[in-house]
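# Summary of the model geometry
Spelled out, the chains give:
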Amino acid sequence: MSEIIITPKIQSNVPLEIPNVKPDVFAGKSIDEIKEVEIYQGNEIVKLSEFFEVEGESAETPGEIKIIIDGDASNIKRIGQGMTAGEIIVKGDVSMYVGLDMKGGKIIVEGNAASWAGQTMKGGELEIMGSAGDYVGSSYRGDWRGMSGGFITIHGNVGYEIAEYLSGGKIVVKGNANHMPGIHMNSGVLIIEGNVTSRTGGEMSGGTIIVKGVMDEFLAGFKYLGIERDIQVNGEDIPGVFYKFTGDYAIKGAHGTVYVAVAGNKHIVP
Amino acid sequence: MELVNNVICPFCGTLCDDIICKVENEEIVGTYNACRIGHSKFVHAEGAMRYTKPLLRKNGEFVEISYDEAIEKAAQILVDAKRPVMYGWSCTDCASQEVGMELAEEVRAVIDNTASVCHGPSLLAVHDTGYPVCTLGEVKNRADVVVYWGCNPFHAHPRHIARHSYARGFFRERGRPDRTMIVVDPRNSDTAKLADIHLQLEYNKDYELVDAMRSALKGHDILYDEVAGIPREQIIGAVEALKKAQFGILFFGMGITHSLGKHRNIDTAIMMTQELNQFAKWTLIPMRGHYNVNGFNQVCTWESGYPFCVDFATGEPRYNPGETGTNDLLQNKEADAMMVIASDPGAHFPQRALQTMIEIPLISIEPHRTPTTELADLIIPPAIVGMEAEGTAYRMDGVPLRMKKVVESDLLTDNQILTKILERAQELEASK
Ligand code: SF4
């Protein structure tokens, strides 16, 4: 794989948007041509080289390209938007919409991500080594289809309304989740290995949520089905003992499934 | 003294249209029919200081400048900025808001109104679920079950209850005795004291309660004995009361739009209202605060496709409250210039947002001295719409009403000021 290293040289006072920094756009371009790629600084279009050093070697097809953003990208939005192949590695934090609308390839963020990571993602893999903000793998505002394919892993904690309107794919959170994970989700799998505050699966109509930590509170619109041991979800074995619920019956015809680890969660069983 | 009849009150979203103003020497000296808060706007409450000339801050002090100089300065600030935000809009007329939209597009700004900090969550819910709305006239003539959820009109919209819920209507000849009033509020508010049924839920538990109610509405059991501090039987009783209505109306306010979950509370409440239509006629109306906050959302939607928080940075409208809300832009230190019109964020925004407002160039188009003008670098005083200028406003139920000009003023209107800034901005953008 050929590596292209992009190093932030000055920080902008307003956020940068760099949807064009992805293997799909860089493929077939020389390093000098990549320096000319357009990005947004607030409401102005500027050249990539105004804010970044660019070095390394490009390739003919996106699948052969690995882009390394070597520095603080906490003021940079839309990294890897719509990418279909190749790899992006960010050596620090990122701002909003990392992996937005991603269709293939892989993104690794070594720091934290702000909100809307993997919004409307359709394929590929997004891995965040730190924590992420709200709305991981969510829909665009007003749409009823969130992430529909691909795989997101968050090693830290997440904020509100992750997996909102989840329609497919899989999200794994190693840390804790704040209110309303899986709200309105209709398909797909959400696994939370840490704790959750409340409203897990609110208004969900389908799909599966597994909570391995402690859930502070649960919703009265679900039905309790009993205890299950060593479950299987979409062909994957998940060991443990779980309370099983179905709902959310606030929604007509809902058939979502929520598994909650028995350990520490006696209070949510009626 | 002269009496001017059928004046519309430019204060709250009830937009009362039966005010009589007493006018002496081109000044409103008294009113009939207005409530106390409406009245104090008409007669300029005690202590209100009115600006008569544009002011520019120079070395920390305000100096008087001409309108032309002020407009030049405002246009320059907006054109030079890379992430300008134009906020407010809720106390001016729709035609001015329309010019504002054009200006935002011209200078590629983010444009947002006070819904951002009040009924924004309702707007987010509306595009997720729909909007089963009716007019206040229908409420008055038809409603037999009136729900006030998370709002206290007794104090915030003082004539609302009397004009629409207590009033005699065509099918409700006796007025109040013909209606059941249900209040859902954690507090025993003055509105709750008037209710037939008061569901005193725990704080931040609106979503849990609606979830249980919706599930009961579909004939399912409620999982727990008590939800949001309310026993199962009482929840089922309340659901039965809603089902038995002939014409039900749900009024809702900040108590549910800004409790935990925000737009998700409204989303599920709207869905419940829709689902209740299997049993009875059910509708809802948000209790809008500023008199024309709704108007901006209408104008913004018909101009850009989105109701508020519209970002023109790339030339085409984008929308994402949470990123493009004024508070988001200020608190994340994204904005590099701000124009405030027809609202007072200086009094209402959190410290972290005010900090950015202090750091960046701030234009305030505002008739009175307010906490916002204290932070401003440039103040442009307009005539007050609904008193010194006419214009259209949208009532909380979406009915547009034409506001009167009651007295004369030497000041430019919001519309004139914005049009001049727009013309100058167009020239500056063209010469860039
Ligand atoms: S209720 Fe609202 S619109 Fe009516 S008079 Fe009072 S402030 Fe004005």
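Quick notes on the rules
- Residues numbered from 1 in each chain as written.
- Chains lettered and ligands numbered in written order.
- Predicted model: local features only at pLDDT ≥ 70, side-chain atom pairs only at ≥ 80, totals over all residues.
- Heavy atoms only, no water.
- Helix = DSSP H or I, 4+ residues; strand = E, 2+ residues; numbered from the N terminus.
- Rg over C-alpha atoms; globule rule 2.2 N^0.38 Å.
- Buried < 20%, exposed > 50% of the residue type's maximum accessible area, 1.4 Å probe, protein only.
- Contact = heavy atoms within 4.5 Å.
- Areas by Shrake-Rupley, 256 points an atom, 1.4 Å probe, with all protein chains shown as cover.
- Lys, Arg positive; Asp, Glu negative; His and termini not counted.
- Charge placed at Lys NZ, Arg CZ, Asp CG, Glu CD.
- Domains from an automatic or database assignment.
- Buried area = accessible area lost by both parts, 1.4 Å probe.
- Polar contact = N/O pair within 3.5 Å; in protein donor to acceptor, adjacent residues only side chain to side chain.
- Nonpolar A, V, L, I, M, F, W, Y, C, P; charged D, E, K, R; others polar.
- Core = buried A, V, L, I, M, F, W, Y, C linked by side-chain atoms within 4.5 Å.
- Pairing = 2+ DSSP bridges.
- Axes fitted to C-alpha atoms, helices over the stretch in contact; angles between N-to-C directions.
- Near = heavy atom within 4 Å.
- Expected span 1.5 Å × (residues − 1).
- Phe/Tyr/Trp six-rings, centres within 6.5 Å; stacked < 30°, edge-to-face > 60°.
- Salt bridge = Lys/Arg side-chain N within 4 Å of Asp/Glu carboxyl O.

## Examining the overall build of chain B
Looking only at helices and strands, chain B features 17 helices and 21 strands. Radius of gyration (C-alpha) of chain B: 23 Å, near the 22 Å computed for a compact globule of 432 residues. Across the 432 residues that make up chain B, the buried fraction comes to 59%. A fraction of 67% describes how many contacts in chain B between residues 6 or more apart in sequence connect residues 24 or more apart. Surface accessibility of chain B: about 16,500 Å² in total, with carbon and sulfur atoms responsible for 48%. Treating the 43 positive side-chain charges of chain B as one cloud and the 59 negative ones as another, the clouds have centres 5 Å apart.

## Examining the domain arrangement of chain B
All names here are of chain B. Assigned domains of chain B: these are domain 1 (2-42), domain 2 (49-117 + 291-430) and domain 3 (120-286). Between domain 2 and domain 3, roughly 970 Å² of surface is buried when both sides are summed, and carbon and sulfur atoms account for 69% of that area. One can count 3 residue pairs in polar contact (both at pLDDT 80 or more) joining domain 2 with domain 3. Its residues placed into classes, the side of domain 2 that touches domain 3 shows 8 nonpolar, 1 polar and 2 charged.

## Re the nonpolar core
Generally speaking, a soluble globular protein has its nonpolar side chains buried in company with each other. If you look at the biggest cluster of nonpolar residues, it comprises 105 residues, and the most contacted ones within it are A:Phe26, A:Ile79, A:Val98 and B:Trp149. When residues of this core are assigned to their parent elements, the largest contribution, 7 residues, is made by helix α8 (residues 206-217) of chain B. With 44 residues, the next largest nonpolar core counts B:Val79, B:Met339, B:Ile363 and B:Leu411 among its residues.

## Looking at the sheet that holds strand β7 (residues 110-113) of chain B
The pairing of strands in a sheet comes from backbone hydrogen bonds and takes either a parallel or an antiparallel form. Residues and elements named next belong to chain B. As summarised here, the arrangement of the 9 strands in space is β5-β4-β19-β18-β17-β6-β7-β15-β16, forming an open sheet in which the pairing is mixed. The open sheet terminates on both sides in strands that have one partner only, identified here as β5 (61-64) and β16 (318-319). Note: β7 against strand β15 (residues 310-311), 2 bridges, orientation antiparallel. Its bridge partner being in β15, Val110 is matched across the sheet by Asp311. Where helix α2 (residues 67-80) meets the sheet, its contacts fall on β4 (55-58), β6 (84-88), β17 (337-341), β18 (362-365) and β19 (378-380), and the angle it forms with β19 comes to roughly 125°.

## Some thoughts on the site of the ligand
Lining the immediate environment of the ligand, one finds B:Cys9, B:Phe11, B:Cys12, B:Leu15, B:Cys16, B:Ala34, B:Cys35, B:Ile37, B:Gly38, B:Pro158 and B:Arg159. In terms of residue class, the shell around the ligand is built from 9 nonpolar, 1 polar and 1 charged.

## Examining α8(B)
Residue and element names in this part refer to chain B. Compared with an ideal rise of 1.5 Å per residue, which puts 12 residues at 16 Å, α8 spans 16 Å between its outermost C-alpha atoms and is within 8% of the ideal. Counting buried residues in α8 gives 12 out of 12 residues, a clear majority hidden from the surface. Here α8 has its buried residues at Asp206, Tyr207, Glu208, Leu209, Val210, Asp211, Ala212, Met213, Arg214, Ser215, Ala216 and Leu217. Gly219 sits one or two residues past α8 and shows a positive phi near 85°.

## Details of the packing of aromatic side chains
Residue and element names in this part refer to chain A. Applying the stated criterion to the full structure yields 14 aromatic pairs over all chains. Consider the rings of Tyr97 and Trp116, whose centres lie 5.8 Å apart with planes at 20°: the pair is stacked. Here Trp116 lies in the loop between β9 (106-109) and β10 (125-128) and Tyr97 lies in the loop between β8 (87-90) and β9, a separation of 19 residues in the sequence. Accessibility expressed as a relative area gives 3% for Tyr97, which makes it buried. Of the residues examined, Trp116 reaches a relative accessible area of 3% and is grouped as buried. Through successive ring pairs, a cluster of aromatic residues spans Phe218, Phe222, Tyr224, Tyr243 and Phe245.

## What about the sheet that holds strand β2 (residues 16-17) of chain A?
All names here are of chain A. Spatially, 4 strands are ordered β4-β3-β2-β7 in an open sheet, and the strand pairing comes out mixed. The open sheet has two edge strands, β4 (44-47) and β7 (76-77), and neither has a second partner. When β2 meets strand β3 (residues 38-41), the two strands line up antiparallel, connected through 2 bridges. Across the sheet, residue Glu17 finds its bridge partner in β3, namely Tyr40.

## Side note on the pairing of strand β14 (residues 281-286) of chain B
Residues and elements named next belong to chain B. Among the 6 residues that make up β14, 5 are buried, leaving the element largely enclosed by the rest of the structure. Here 6 bridges tie strand β13 (residues 247-252) to β14, and the two strands are oriented parallel to one another. Paired with Phe252 across the strands is Pro286, a residue of β14.

## A look at the interface of chain A and chain B
How big an interface is tends to be stated in terms of accessible area lost as the parts join. With 47 residues of chain A in contact, the opposing surface of chain B contributes 47 residues. Interface area, chain A with chain B, both sides summed: about 3,700 Å², of which 48% is carbon and sulfur. Taken together, chain A and chain B are joined by 8 salt bridges. Across the salt bridge formed by A:Lys77 and B:Glu334, the nearest N and O atoms sit 2.8 Å from each other.

## Remarks on the pairing of β10(A)
All names here are of chain A. Relative to β10, β9 runs parallel, the two sharing 4 bridges. For Ile108, the partnering residue across the bridge sits in β10 and is Glu127. Direction of pairing for β10 relative to strand β11 (residues 151-154): parallel, over a ladder of 4 bridges. Residue Ile128 lies in a different strand from β11, and its bridge partner there is Ile154.

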